[in-house]
Amino acid sequence: MENSNNKKLNITVVTGFKGGNYGTKLQSVALCKYFEGKGYKTFILEKFNYKGYFLRYPDIGFSRILKRTWSKNDTKKFFDDKEHYVYSEEREKRIEAYDKENYNPLTISNKEQFKQLIVDNMIFVVGSDIIWQPAMGVPGYWFLDFIYYTKLSRFSYATSIGANELPKKYFFWYRKYLRKFTQIGVREKTAVKLLQPLTNQNVTQVIDPTLLHDTEFWNQFAMKAQLSEEIVPDHYVFCYFVMHDDRYWKYMSLVRDYLYNNPDMKDYKIVVLPMHKIDETQPYTVILDGTPYEFVSLIKNAAFIVTDSFHVCAFSLNYSKEFYLLRRTRKDEDSKYDDFFSRYGLEDRNVKNENAFERKPEIDYLTAHKKLEEDRFFAAEFINKALSGKLK
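Definitions and limits used
- Residues numbered from 1 in each chain as written.
- Predicted model: local features only at pLDDT ≥ 70, side-chain atom pairs only at ≥ 80, totals over all residues.
- Heavy atoms only, no water.
- Pairing = 2+ DSSP bridges.
- Helix = DSSP H or I, 4+ residues; strand = E, 2+ residues; numbered from the N terminus.
- Contact = heavy atoms within 4.5 Å.
- Axes fitted to C-alpha atoms, helices over the stretch in contact; angles between N-to-C directions.
- Salt bridge = Lys/Arg side-chain N within 4 Å of Asp/Glu carboxyl O.
- Buried < 20%, exposed > 50% of the residue type's maximum accessible area, 1.4 Å probe, protein only.

Undergrad: Help me out: how do you make sense of the sheet that holds strand 11 (residues 304-307) in this one?
TA: Two modes of strand pairing occur in sheets, parallel and antiparallel, and in both the strands are linked by backbone hydrogen bonds. Across the sheet, which stays open at both edges, the five strands sit in the order 10-9-8-11-12 with parallel pairing between neighbours. Bordering the open sheet on either side are strand 10 (285-286) and strand 12 (323-325), each of which pairs with just one other strand. For strand 8 (residues 236-240) and strand 11, the ladder comprises four bridges, and the chain directions are parallel. Looking across to strand 11, one finds that Phe238 is bridged to Ile305. In the packing of helix 11 (residues 292-300) onto the sheet, the strands contacted are strand 8, strand 9 (269-272) and strand 11, and the crossing angle to strand 8 comes to about 135 degrees.

Undergrad: Sorry, what's going on with the pattern of salt bridges here?
TA: A side chain of one charge can pair with a side chain of the opposite charge if their charged atoms are brought near each other. The final tally for this structure, using the stated rule, is 25 salt bridges. Measuring nitrogen to oxygen at the nearest pair gives 3.1 Å for the salt bridge that ties Asp208 to Arg187. Of the two residues, Asp208 sits in the loop between strand 7 (203-205) and helix 9 (215-222) while Arg187 sits in the loop between strand 6 (183-186) and helix 8 (189-195), which places them 21 residues apart along the sequence. Classification of Asp208 by relative accessible area gives buried; the value is 2%. The class for Arg187 is buried, based on a relative accessible area of 5%. Asp257 is the partner of Arg256 in a salt bridge, and the nearest nitrogen-oxygen pair spans 3.8 Å. Given the relative accessible area of 38%, Asp257 is considered partly exposed. If you follow the salt bridges from partner to partner, you end up with Asp308, Arg328, Arg330, Glu333 and Lys336 in one network.

Undergrad: Is there a simple way to explain the pairing of strand 3 (residues 105-108) in this structure?
TA: It is a general feature of regular strands that their side chains alternate between the two faces of the sheet. Alternating positions in strand 3 separate cleanly, Leu106 and Ile108 being buried on one face and Pro105 and Thr107 remaining unburied on the opposite face. Bridge analysis of strand 2 (residues 41-48) against strand 3 gives four bridges, and the strand direction is parallel. In the sheet register, Ile44 faces strand 3, and the bridge partner there is Pro105.

Written as structure tokens, this is what we have:
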């Protein structure tokens, strides 16, 4: 597609989108669909492996080598506790089908493909999630090092750091890459505080991409869910945990007891969308072949929700759902919940006493949604400025 100045309208989003983390997949789709709605042909970067670029610009290649060596211990400490969860074959197939339906992947492997980026006047957008986590190592790919020596426009939208501090040893690269961004949009106040001293650009807090869209948009996803008839809308509790923690399942046993002892909810099910092998063994209704479509539907139609997921909180806000958050033991990520709850008046969604389930169904979503509309307008203005391609 072209605009009135005969410049092609092309955007490539650079963010995580592979794997089975539902929040990751939905935030990436949300951003891509948002740009498509504005008339841009939108890609998502699957791979950049054009070796000629690194040979031509050895400083970029050198930083990639440092990432594999110098940063190895940082990455190991952060990611070593991550269990490799093997999905069922059916789930793999259904997630692959979801990816084909929702993404337009782009791979840059040679000089011709790289040159085409210039011809197309490609705009690059670093997307959301914690892809700027210092534990990822020396800043590079997620800071668009592969277009550093081009004049292509670039900005970030709701990118997250997921840390309370930045290693000084990486300051050089933060400064180097961020100065080429026309706008820097981050998801948390902590990220604003950490990055602002490292750049002359304004660092701006904006909402998560999933919140750019209202429920009318997300209902199109929910309609594609394939769920058993035994999962009756408004007659189940949805349970989704990104991390593995025995605390979570002890708390869910309290929720189960609450349902059993409540005459009106005695027959309600607890529905689990597993992210770990141990989740599959729980004595509840487990969805083994779920995709992001089921994820959205299960939130939309739940009686209430228990989670440790930021994106479940975001969808609960969108759908005005009763939900409860169990905090993760890793405190580096607390800021994303603190900012979110403070902004929308949802502080009481934090579970403070994990030894008893206390139901709190009353939530002031009228006020929360007014603030959300304000934030959507602000985000739209931010994106429009960023798309102008001018350094601020």
